[in-house]
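# Report on the structure
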Amino acid sequence: MTSDDSRTSEYIHSCRKADVQFNSCIKETFNHLRPYLINGIEELTVPPIEPLVIPKMQMENGHGAVRVRAILSNMTIHGASNYTVLNVRSDMNKYRIDLGLFIPHIEATGNYDVNGNVLLLPVRSRGEFWASFENVTALAKLYGVEVNKEGVKFMKTERLGIGFKLEKSDFKIKDAINMQNVIGEAMNVFLNENSAEIIEEMKPAASQAIGKHFKNFLNNAFLQIPLKVWLKDSE
């Protein structure tokens, strides 16, 4: 969509700041967008999110019982498109939007490289992983700013905070470094059997990495759709 495009694309559900039901309208905007995100939005260069492909994500946790640096790569994630926006709180004068989300099931595969300490035990592991998460509730806090490009106003995501809770998680790894090694096999079993505790410790680092990825994802769209297109009384 170009800045002088006056039409409203079918994937856009526009709102007005003056609407007394503005938060409900924004909630509908994100829920309306879901089927279009499944296949991607070519004109905005927004890739499909079913499956969601993430080439690389880096996490580092320097506190607590799990102090590791983890690099996840070649990630393929199924289920993220099955989100529901539960509630919205916003202040569009400050370009602030809080979204409460629910996703019933997420499954992810990819490669991992972990280096650090888990419960004082040194860990060096690299290989393939599989993860499953059930009943994910999340709170996304979007902090935006208004930008002006050639006289046209857009909203840019400056920061995206992510917090989440999992009802159940399962995590399996296939270590390529310590294969047929007694210590390596023991560590592999330990990591798999203590996946829930490890994930809990890594939540802050995971939240930061996820927020960074989806900030860029959102800006692909926001910086191509003028404010006046989706926020009708923004000018």
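It should be noted that the structure appears before, not after, this text.
Let me sum up the structure you'll find in this document.

Analysis parameters
Residues numbered from 1 in each chain as written. Predicted model: local features only at pLDDT ≥ 70, side-chain atom pairs only at ≥ 80, totals over all residues. Heavy atoms only, no water. Salt bridge = Lys/Arg side-chain N within 4 Å of Asp/Glu carboxyl O. Helix = DSSP H or I, 4+ residues; strand = E, 2+ residues; numbered from the N terminus. Buried < 20%, exposed > 50% of the residue type's maximum accessible area, 1.4 Å probe, protein only. Disulfide = S-S within 2.5 Å.

Inspection of every chain in the model, using the stated rule, returns five salt bridges. Aspartate 113 is the partner of arginine 124 in a salt bridge, and the nearest nitrogen-oxygen pair spans 2.6 Å. Taken as a pair, arginine 124 in strand S5 (residues 121-149) and aspartate 113 in strand S4 (residues 96-118) lie far apart in primary sequence, eleven residues in all. The class for arginine 124 is partly exposed, based on a relative accessible area of 36%. Aspartate 170 is paired through a salt bridge with lysine 172; the nearest N and O atoms lie 3.9 Å apart. Its relative accessible area of 27% is what places aspartate 170 among the partly exposed residues. Given a relative accessible area of 39%, lysine 172 falls into the partly exposed group.

All right, on to the state of the cysteines then. Taken as a whole and assessed by the stated rule, the structure comprises one disulfide. Note that cysteine 15 is cross-linked by a disulfide to cysteine 25, the S-S spacing being 2.1 Å. In this structure the cystine formed by cysteine 15 and cysteine 25 twists about its S-S bond by roughly -95°; its chirality is therefore left-handed. Here cysteine 25 lies in helix H1 (residues 22-39) and cysteine 15 lies in the segment before H1, a separation of ten residues in the sequence. Under the relative-accessibility criterion, cysteine 15 is labelled buried at 2%. Overall, cysteine 25 belongs to the buried group, its relative accessible area being 11%.

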